[in-house]
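# Structural overview for review
The chain contents come next:
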Amino acid sequence: MDRSNQTRVTEFLLLGLSGRPDQEEILFGLFLWIYLVTIIGNFLIILAFSCDSRLHTPMYFFLANLSCVDICFSSVTIPKMLVNHMLRSESISYVECMIQIYFFITFINMDGFLLSVMAYDRYVAICSPLHYTIIMRPKLCVLLVAISWIITNLHALLHTLFMVQLTFCYDNVVHHFFCDPYPILKLSCSDTFINNLIVFTVGGLIFLTPFTCIIVSYAYIFSNVLKLPSVHGIRKALSTCGSHITVVSLFYGAILGIYMRPSSSYSVQDTVATVIFTVVTPLVNPFIYSLRNRDMKGALRKLIIRL
């Protein structure tokens, strides 16, 4: 294509999930409710951790960080959709889109790294309970979270820098409610081979490393738990992992079906799957972890009474 005849895109048009005005009204109310519940639920988890000294343990430290990331994750995508709906607009500027991509990649990877750190925490607690306080000391917990932030930000920066090198011509219509990297790549009129290569190499490594840590951690957990002499002991050990396994299944199940294949195969139907880990997972995390945890329920009850 002759680059002299190309018109560079300065904005993208986000069509939302349905692309139909009558359905968008319903989706606006639904997403507004989901966003408010997500913010309140995750904020209560953070407050409970901060105010109750009984929760000052590695497991709840990581959970509080996960809640913080989920608040940020939801705030990257949903508010822009809500604002556009109120303004009767579908546009997002090129710069805003690239910024949204950067933070989307950062927080989605941060979720994965925190879930892997939490799996490791459960592994140490179940397989080496006598050495738990020695291994999972505060400095190590802070270091694990800090390293996760550094890796995810560098990874997001790499993807975004290569994304801004692409040329976008006439087609600027995105069949999504936010700037998902895959549909944006499909709109480019320049060669996206390098971008797809980075997705499968660097992106695959960043994705598979925490996922592998989770699988290995639970392999060791199950092998140790099955050696316990009583059924009650097995049930008690696994009860501490139930919430985490549920969240991991929701999060990674959706991602595996979308991002572990070329961007050219991305379809409109995939937008529904992205809702699971961008909207549903941050929403249900506080409920999954609080409803199945006696200490968290007690801390939240005290916090609500105090408020």
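Residues numbered from 1 in each chain as written. Predicted model: local features only at pLDDT ≥ 70, side-chain atom pairs only at ≥ 80, totals over all residues. Heavy atoms only, no water.

Put simply, the test is: UniProt positions are given in the numbering used here, feature names are shortened, and annotations may be inferred rather than shown by experiment.
Per an unreviewed UniProt entry, the protein chain is named Olfactory receptor, and its organism is Chrysochloris asiatica. The UniProt entry for the protein chain carries this comment under Sequence similarities (unreviewed entry): "Belongs to the G-protein coupled receptor 1 family."

### Looking at the overall build of the protein chain
Counted only if it meets this: Helix and strand assignments come from DSSP, with helices taken as H or I runs of at least 4 residues and strands as E runs of at least 2, each series counted from the N terminus. Exposed residues in this analysis have more than 50% of their type's maximum accessible area, buried residues have under 20%, and partly exposed residues fall in between, with area computed by a 1.4 Å probe over protein chains only. When checking whether two residues touch, look at their non-hydrogen atoms; a contact exists if any pair is within 4.5 Å. Areas reported as accessible are Shrake-Rupley estimates using a 1.4 Å probe. Residue values count occlusion only from the protein chains shown.
Scanning the protein chain for helices and strands turns up eleven helices and three strands. The N-to-C order of helical and strand elements in the protein chain reads β-α-α-β-α-α-α-β-α-α-α-α-α-α. In the protein chain, buried positions account for 49% of the 307 residues. Within the protein chain, contacts between residues at least 6 apart in sequence are counted, and of these 79% link residues at least 24 apart. Entry remark: accessible area of the protein chain is about 15100 Å², with carbon and sulfur atoms responsible for 69%.

### Describing the side chain of threonine 77
By the element assignment, threonine 77 lies in helix 2 (residues 58-86). Filtering out sequence-adjacent residues up to four positions away, threonine 77 remains in contact with Gln100, Phe177 and Phe178.

### A look at the state of the cysteines
What counts, and what does not: Criterion for a disulfide: a pair of cysteine sulfur atoms at a distance within 2.5 Å.
Counted according to the given criterion, the structure contains two disulfides. Here cysteine 97 is linked by a disulfide to cysteine 179, with a sulfur-sulfur distance of 2.1 Å. Between cysteine 97 and cysteine 179 the sulfur-sulfur dihedral comes to about -125°; the bridge is accordingly left-handed. With a gap of 82 residues between them, cysteine 97 in helix 3 (residues 94-127) and cysteine 179 in the loop between strand 3 (173-174) and helix 6 (181-187) connect regions that are remote in the sequence. Cysteine 179 matches cysteine 97 in its accessibility class, with the two residues each being buried. A sulfur-sulfur distance of 1.8 Å marks the disulfide that ties cysteine 169 to cysteine 189. Across the S-S bond linking cysteine 169 and cysteine 189, the dihedral sits near 65°, which makes this disulfide right-handed. Here cysteine 169 is found in the loop between helix 5 (138-163) and strand 3, whereas its partner cysteine 189 is found in the loop between helix 6 and helix 7 (193-225), with 20 residues between them in sequence. Using a relative accessible area of 6% as the deciding quantity, one classes cysteine 169 as buried.

### Some points on the pattern of salt bridges
Applied cut-off: Salt bridge, as used here, is a side-chain nitrogen of Lys or Arg placed within 4 Å of a carboxyl oxygen of Asp or Glu.
Considering all chains together, one arrives at four salt bridges under this definition. As a salt-bridge pair, glutamate 96 and lysine 80 come within 3.6 Å of each other at their nearest N and O atoms. Here glutamate 96, found in helix 3, pairs with lysine 80, found in helix 2; they are 16 residues apart in sequence, far enough to count as distant. In this structure, arginine 122 and aspartate 121 form a salt bridge, with 2.9 Å as the shortest nitrogen-oxygen distance. Here arginine 122 falls in the buried class, since its relative accessible area comes to 10%. A relative accessible area of 0% means that aspartate 121 is categorised as buried.

### Here we look at the nonpolar core
Spelled out, the test is: Nine residue types can take part in a nonpolar core, namely buried Ala, Val, Leu, Ile, Met, Phe, Trp, Tyr and Cys, and a core is a set of them joined through side-chain atoms within 4.5 Å.
In this structure, Phe12, Leu115, Phe168 and Ile184 are the most contacted members of the largest nonpolar core, which totals 81 residues. No other element matches the 17 residues that helix 3 contributes to this core. When neighbours within four sequence positions are excluded, phenylalanine 12 is seen to be in contact with Glu90, Ser91, Ile92, Tyr94, Cys97, Met98, Phe168, Asn172, Val174, Ile184 and Leu187.

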